[in-house]
Amino acid sequence: RRLARDLGLPDWALKLIDQERSHAKSAEDKAELQLAECDVLRTKADLQRDLSTRLEAYARAGAAYSKVFQDFGATQVAQRAQREVGVTAHSYAEALDQLFATEEVSAERRQALIAAAEPFLKSAVKSMNELIRWWSELPDESEEKEALRFTLYYPTQFFRAITYTSWARLHPPDSLERDQY
């Protein structure tokens, strides 16, 4: 992760993760490597200068995060992936908003791009809602609930809110869609 984020070498980081997969023995190690790959894919998307390429890269990272929580169920790694898909969805919506602000985009292309983004954004919000619901159902006095309050619950609430805000900004002011999200 640091190789990609701090040094800007995501392709090299992905190669190292692939090499480590052959050495991973436990399911937990495999899950951590898969989550690390997702984080590197998101970092790689962050580094893209071309907005269209960045959008495609965020979509790949989002799909990879979704695969982690589908593959690893109710584990801590899967919960982190559910939270991070929200971060990625927000970044995706922000990049799309930036594309609309900086490039001449026809009304038809704009609608097509929004239509392509909405399944990802809906899936991310649904994932975050599931995570928030799971946390809310933990017993109030449990140590687990208290331990996850600041590392899982509050960040997920925050990313859900900014994902909704970013999603709404994709639609024109005074539109029904903008009020809906």
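Remember, predicted model here, so these are calculated numbers, not experimental data.

Draft legend 1. How the structure looks around the packing of aromatic side chains. Following the criterion strictly, the structure yields six aromatic pairs and no others. When the ring of Phe-150 is compared with that of Tyr-154, the centres are 5.1 Å apart and the planes differ by 70 degrees; the resulting orientation is edge-to-face. Placement of both Phe-150 and Tyr-154 in helix H7 (residues 143-169) is noted, with a separation of four residues, approximately one turn of the helix. Among the residues examined, Phe-150 registers a relative accessible area of 58% and is labelled exposed. Here a set of aromatic residues connected by ring pairs shows up, and it is made of Trp-135, Phe-150, Tyr-153 and Tyr-154. Looking at Arg-110, its charged tip hangs above the ring of Phe-100, at a distance of 4.1 Å from the centre. The side chain of Lys-145 reaches across the aromatic face of Trp-135, ending 4.6 Å from its centre.

Draft legend 2. Inspection of the packing of helix H3 (residues 27-47) against helix H4 (residues 51-71) at higher detail. Packing of H3 against H4 leaves a shortest axis separation of 8 Å and a crossing angle of 165 degrees. The angle between H3 and H4 falls in the class roughly antiparallel. Along this stretch, H3 crosses H4, giving a crossing that reads as left-handed. Contacts between H3 and H4 involve Gln-34, Leu-35, Cys-38, Asp-39, Leu-41, Arg-42, Ala-45 and Asp-46 on the former and, on the latter, Arg-54, Ala-57, Tyr-58, Ala-61, Ala-64, Tyr-65, Lys-67, Val-68 and Asp-71. Split into classes, the residues belonging to the contact of H3 with H4 amount to 10 nonpolar, one polar and six charged.

Draft legend 3. Layout of the nonpolar core. Among the nonpolar cores identified, the biggest contains 47 residues, and Tyr-92, Leu-96, Leu-99, Phe-100, Leu-121 and Leu-170 are the most heavily contacted of them. For this core, the elements supplying multiple residues, two or more each, are helix H2 (10-21), H3, H4, helix H5 (76-102), helix H6 (107-136) and H7. Looking at which element gives the most residues to this core, the answer is H5, with 12 residues. Setting aside residues no more than four positions away along its own chain, Leu-99 makes contact with Leu-51, Ser-52, Leu-55, Val-105, Arg-109 and Leu-113. Leu-131, Ile-132, Leu-138 and Leu-152 belong to the second largest nonpolar core, which has seven residues in total.

Draft legend 4. Local environment of H5. Taking 1.5 Å of rise per residue, the 27 residues of H5 would be expected to cover 39 Å, and the 39 Å separating its terminal C-alpha atoms lies within 8% of that figure. With 20 of 27 residues buried, H5 lies mostly within the body of the structure.

Draft legend 5. Layout of the pattern of salt bridges. What the rule picks out here adds up to 11 salt bridges. Of the charged contacts in the structure, one is a salt bridge between Glu-32 and Arg-80, with a shortest N-O distance of 3.1 Å. Of this pair, Glu-32 sits in helix H3 while Arg-80 sits in helix H5, and the two are 48 residues apart along the sequence. We classify Arg-80 as partly exposed; its relative accessible area is 26%. In this structure, the salt-bridge partner of Arg-83 is Glu-84, at a minimum N-O distance of 3.1 Å. The exposure classification of Arg-83 matches that of Glu-84, with both residues buried. Counted as one network, the salt bridges with shared partners bring together Asp-18, Arg-21 and Glu-37.

Draft legend 6. Expanded view of the environment of Ala-161. Tracing the chain through its elements places Ala-161 in helix H7. For Ala-161, a relative accessible area of 41% translates into the label partly exposed. Put simply, Ala-161 and Gln-76 are 85 residues apart on the chain and 22 Å apart in space, counted from C-alpha to C-alpha.

Reading the values: rules and limits
- Residue numbers run consecutively from 1 along every chain, following the written order of its sequence.
- For this predicted model, a pLDDT threshold of at least 70 governs which residues receive local features, and a threshold of 80 or more governs which side-chain atom pairs are given and counted, while totals over whole chains, interfaces and linings are taken from all residues.
- With hydrogens and water excluded, all non-hydrogen atoms of the structure serve as input to the side-chain values.
- Two aromatic rings, drawn from Phe, Tyr or Trp (for Trp, its six-membered ring), form a pair once their centres lie within 6.5 Å of each other, and the interplanar angle then sorts them: stacked below 30 degrees, edge-to-face above 60, tilted otherwise.
- Labels follow the DSSP assignment, with helices taken as runs of H or I lasting at least four residues and strands as runs of E lasting at least two, numbered in each case from the N terminus.
- A 1.4 Å probe rolled over the protein chains alone gives each residue an accessible area, and that area as a share of the maximum for its type sets the label: buried under 20%, exposed over 50%, partly exposed in between.
- Working rule: Lys NZ or Arg CZ, within 6 Å of ring centre, within 35 degrees of ring normal, means a charge sits over the ring.
- The convention used is that axes are lines fitted to C-alpha atoms, helices contributing only their stretch in contact, and that angles between N-to-C directions extend from 0 to 180 degrees.
- Here the word oblique covers every angle except those under 35 degrees (roughly parallel), over 145 (roughly antiparallel) and from 65 to 115 (roughly perpendicular).
- Definitions for this section: a left-handed crossing has its near helix turned counterclockwise from the far helix by less than a right angle. A right-handed crossing has that turn clockwise.
- Residue contacts are counted whenever heavy atoms from the two residues lie within 4.5 Å of one another.
- Classes in brief: Ala, Val, Leu, Ile, Met, Phe, Trp, Tyr, Cys and Pro nonpolar; Asp, Glu, Lys and Arg charged; the others, Gly included, polar.
- To qualify as a nonpolar core, a set must consist of buried Ala, Val, Leu, Ile, Met, Phe, Trp, Tyr and Cys residues joined through side-chain atoms within 4.5 Å.
- One less than the number of residues in a helix, times 1.5 Å, gives the span that helix is expected to have.
- Salt bridges are identified by distance alone: a Lys or Arg side-chain nitrogen within 4 Å of an Asp or Glu carboxyl oxygen.

None of this, on its own, says anything about what the molecule does.
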